[in-house]
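Structural description and commentary
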Amino acid sequence: MTMGNSGLVAPADLVGRRVAFYDNDSDGIDVLAMLASQKVLDQGLVRVPWAERMERLASGQIDGVAIYLTNEPFVMAERGHKVNLITPRHFGIDLYGDMLFTSQVEALANPQRVEAMRRAVVRGWHYALDHKEEIVDLILQKYNTQNKSRDALLNEARALEVLIDRYTTPLGEINPQRVNFLYARLRDLKLVHGAGSQPLALVFQSQPRTATLDLTAQELQFLADIKTVRYAIDEAGWPPFEFLGSDGRARGLPLITSLLLPSGWVLRSSGSALLTGRPPLTRCRPAPLICCRQRQKPPIANDTWGLPTIMSPRRWLSCRAATLISFPALPSW
């Protein structure tokens, strides 16, 4: 974060500048990775102490400071300051956030206790996100060591909800392949050192885990009874995402989806336009398409759809075990 009138808006602008970092590099590893990838560390950067960073930034004693997006920008706004944010994600660096660690000895000797601790932490996060005002009041009463205002704490809670995005990636989920990729990236940037090309046994799993939903008996029966999944595609075509082949069969996303559906389900096109909002929408009917993505109405003037339509999904339910099937994000409407 830099001051709004500083003109420092990109990593390259920080060459030779005074920047306050966390005392422990692991706390700001994403910022260091961004600076390393943009060659700022190679060209020179003046690292300054962490203490009283906000006051020194506002007074011009330092030029930038590593921050939490959910915290310091709002605090500076409360004090009447405009700031610039140089975000690692905008420069190709997207690491995991706060993580829970244990020792290998503990994980091997007491896997049930480690798993129980993990479940408790995840449940606590869900509770905090679902009861923001209650948790803010608790912090104000007992744990407000930074003397934040209630508005600042509520802003932090709401901003965390957006960053965590728990309905896209389940809380507490760690992908070992992504860990390997991030580890290799940090090695290439010379920010971590270790033997071997991949980290070993960094992600704890007491047993193979699948993402399942807690559904009622009626909901499970509903899924079990589905044999045909009807869907609508754009007759005009939207290649390569969605279009009709020369044989009249759906190609692109519908074909990929059909490969992910459980055995016994059939994917069938209704042949009506859905993505464009043209008059053929009147021929569409809501289909028994099960999706765990946010729903919204398409931008159309003709409100003949009646029910919320479904965005390009990232997760589908199987009919037997209600298992979540994921595939890469696709453009929404």
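These lines cover the structure that appears in this document, whether it is placed above or below. It should be emphasised that the depicted structure is a prediction, and the values quoted were computed from it without experimental measurement.

Further remarks concern the overall build of the protein. Of the regular secondary structure elements, the protein holds 11 helices and 13 strands. Of all 333 residues assigned to the protein, the portion counted as buried reaches 33%. Counting contacts in the protein only where the partners sit at least 6 residues apart, residues at least 24 apart contribute 63% of the total. Counting only carbon and sulfur atoms, one obtains 53% of the accessible surface of the protein, whose full area is about 20300 Å².

A few words on helix 8 (residues 150–164). Because an α-helix completes one turn every 3.6 residues, residues spaced three or four positions apart along the sequence face the same direction. With 15 residues, helix 8 extends 21 Å between its outermost C-alpha atoms, agreeing within 8% with the 21 Å of an ideal straight helix rising 1.5 Å per residue. Along helix 8, the positions that sit buried rather than exposed are Ala152, Leu153, Leu154, Glu156, Ala157 and Glu161. Of the surrounding secondary structure, the elements contacted by the buried residues of helix 8 are helix 4 (72–78), helix 6 (111–130) and helix 7 (132–143). Phi turns positive, to about 50°, at Asp165, one or two residues after helix 8.

Despite not being glycine, Asn147 shows a phi value in the positive range, around 55°. Along the chain, Asn147 falls in the loop between helix 7 and helix 8. Taking relative accessible area as the criterion, Asn147 reaches 66% and is therefore assigned exposed. Its identity as a non-glycine residue notwithstanding, Asp165 has a phi of 50°, on the positive side.

On to the nonpolar core, then. Core analysis: the largest hydrophobic core is formed by 31 residues, its most contacted members being Met1, Leu14, Phe21, Leu35, Leu45, Leu57 and Val65. Breaking this core down by element, the ones donating at least two residues are strand 2 (18–20), helix 1 (29–37), helix 3 (53–59) and helix 9 (176–188). Sequence-distant contacts of Phe21, defined by excluding residues within four places in its chain, comprise Val31, Leu32, Leu35, Leu45, Arg47, Val48, Trp50 and Ala66.

Attention now moves to the packing of aromatic side chains. If you walk through the whole model with that rule in mind, you get 2 aromatic pairs. Between Tyr22 and Trp50 the ring centres are 4.5 Å apart and the planes differ by 35°, which places this aromatic pair in the tilted class. One end of the pair, Tyr22, is in the loop between strand 2 and helix 1; the other, Trp50, is in the loop between strand 3 (46–48) and helix 3, with 28 residues separating them in the sequence. A residue is classified by how much of its surface remains accessible, and Tyr22, at 11% relative accessible area, is buried. Take Trp50: its relative accessible area is 16%, and that puts it in the buried class. Geometrically, the ring pair formed by Tyr22 and Tyr68 is edge-to-face, given 6.1 Å between the ring centres and 70° between the ring planes. Taken together, the residues Tyr22 in the loop between strand 2 and helix 1 and Tyr68 in the loop between strand 4 (64–65) and helix 4 connect sequence positions 46 residues apart.

This part covers the side chain of Arg166. One can find Arg166 in the loop between helix 8 and helix 9. Here the side chain of Arg166 touches Asp130 through a polar contact of 2.6 Å, side chain to side chain.

On the secondary structure map, Gln104 appears in helix 5 (residues 104–109). Along the primary structure Gln104 and Leu202 are separated by 98 residues, whereas in three dimensions their C-alpha atoms are 8.9 Å apart.

As a further point, take the packing of helix 6 against helix 7. Two elements in contact, helix 6 and helix 7, have axes separated by 5 Å at closest approach and are oriented at 100°. One element, helix 6, and the other, helix 7, form an angle in the roughly perpendicular class. Side by side, helix 6 and helix 7 meet where Tyr127, Ala128, Leu129 and Asp130 of the first sit next to Lys132, Glu134 and Ile135 of the second. When its residues are assigned to classes, the contact of helix 6 with helix 7 shows 4 nonpolar, no polar and 3 charged.

This paragraph deals with the sheet that holds strand 2. The 3 strands are arranged 3-2-4 in an open sheet whose pairing can be described as parallel. Pairing within the sheet leaves two strands with one partner each, and these edge strands are strand 3 and strand 4. For strand 2 and strand 3, the ladder comprises 3 bridges, and the chain directions are parallel. The partner of Ala20 across the bridge, within strand 3, is Val48.

Once that is clear, we can look at the environment of Ala51. Along the polypeptide, Ala51 turns up in the loop between strand 3 and helix 3. We classify Ala51 as exposed; its relative accessible area is 52%. Distance from Ala51 to Phe21, taken between C-alpha atoms, is 9.6 Å for residues 30 residues apart in sequence.

Glancing now at the side chain of Glu72. When you line up the elements, Glu72 lands in helix 4. Overall, the relative accessible area of 4% leaves Glu72 in the buried class. A distance of 3.0 Å separates a polar atom in the side chain of Glu72 from the backbone nitrogen of Tyr68.

Rules and cut-offs
- All residue numbers here refer to positions counted from 1 along the written sequence of the relevant chain.
- Given that the model is predicted, a residue must reach a pLDDT of at least 70 before its local features are reported, and side-chain atom pairs must reach 80 or more before they are shown or counted; all residues, however, enter totals for whole chains, interfaces and linings.
- Note that water and hydrogens are dropped before the side-chain values are worked out from all heavy atoms of the structure.
- Counting from the N terminus, the helices are the DSSP runs of H or I reaching at least four residues and the strands are the DSSP runs of E reaching at least two.
- Relative accessibility thresholds used throughout: buried, under 20% of the residue-type maximum; exposed, over 50%; partly exposed, between the two (1.4 Å probe, protein chains only).
- Whether two residues are in contact is decided by their heavy atoms, any of which lying within 4.5 Å being enough.
- Surface accessibility in these figures is a Shrake-Rupley result with a 1.4 Å probe; residues are shielded only by whichever protein chains are displayed.
- One fewer than the residue count of a helix, multiplied by 1.5 Å, yields its expected span.
- Definition used in this section: a nonpolar core is a set of buried Ala, Val, Leu, Ile, Met, Phe, Trp, Tyr and Cys residues joined via side-chain atoms within 4.5 Å.
- Note on aromatic contacts: the rings of Phe and Tyr and the six-membered ring of Trp form a pair at centre separations within 6.5 Å, being stacked when their planes are under 30 degrees apart, edge-to-face when over 60 apart, and tilted otherwise.
- Any N or O atom pair separated by 3.5 Å or less is treated as a polar contact, with the protein-specific requirement of one donor-capable and one acceptor-capable atom, and with residues adjacent in sequence counted only for side-chain atom pairs.
- Between N-to-C directions, angles span 0 to 180 degrees; the directions come from axes that are lines fitted to C-alpha atoms, helices contributing only their stretch in contact.
- Here is the rule for angles: anything less than 35 degrees is roughly parallel, anything more than 145 is roughly antiparallel, 65 through 115 is roughly perpendicular, and the remaining ranges are oblique.
- Three categories are distinguished: nonpolar for Ala, Val, Leu, Ile, Met, Phe, Trp, Tyr, Cys and Pro, charged for Asp, Glu, Lys and Arg, and polar for the others, with Gly belonging to the last.
- At least two bridges found by DSSP between two strands are what make those strands a pair.

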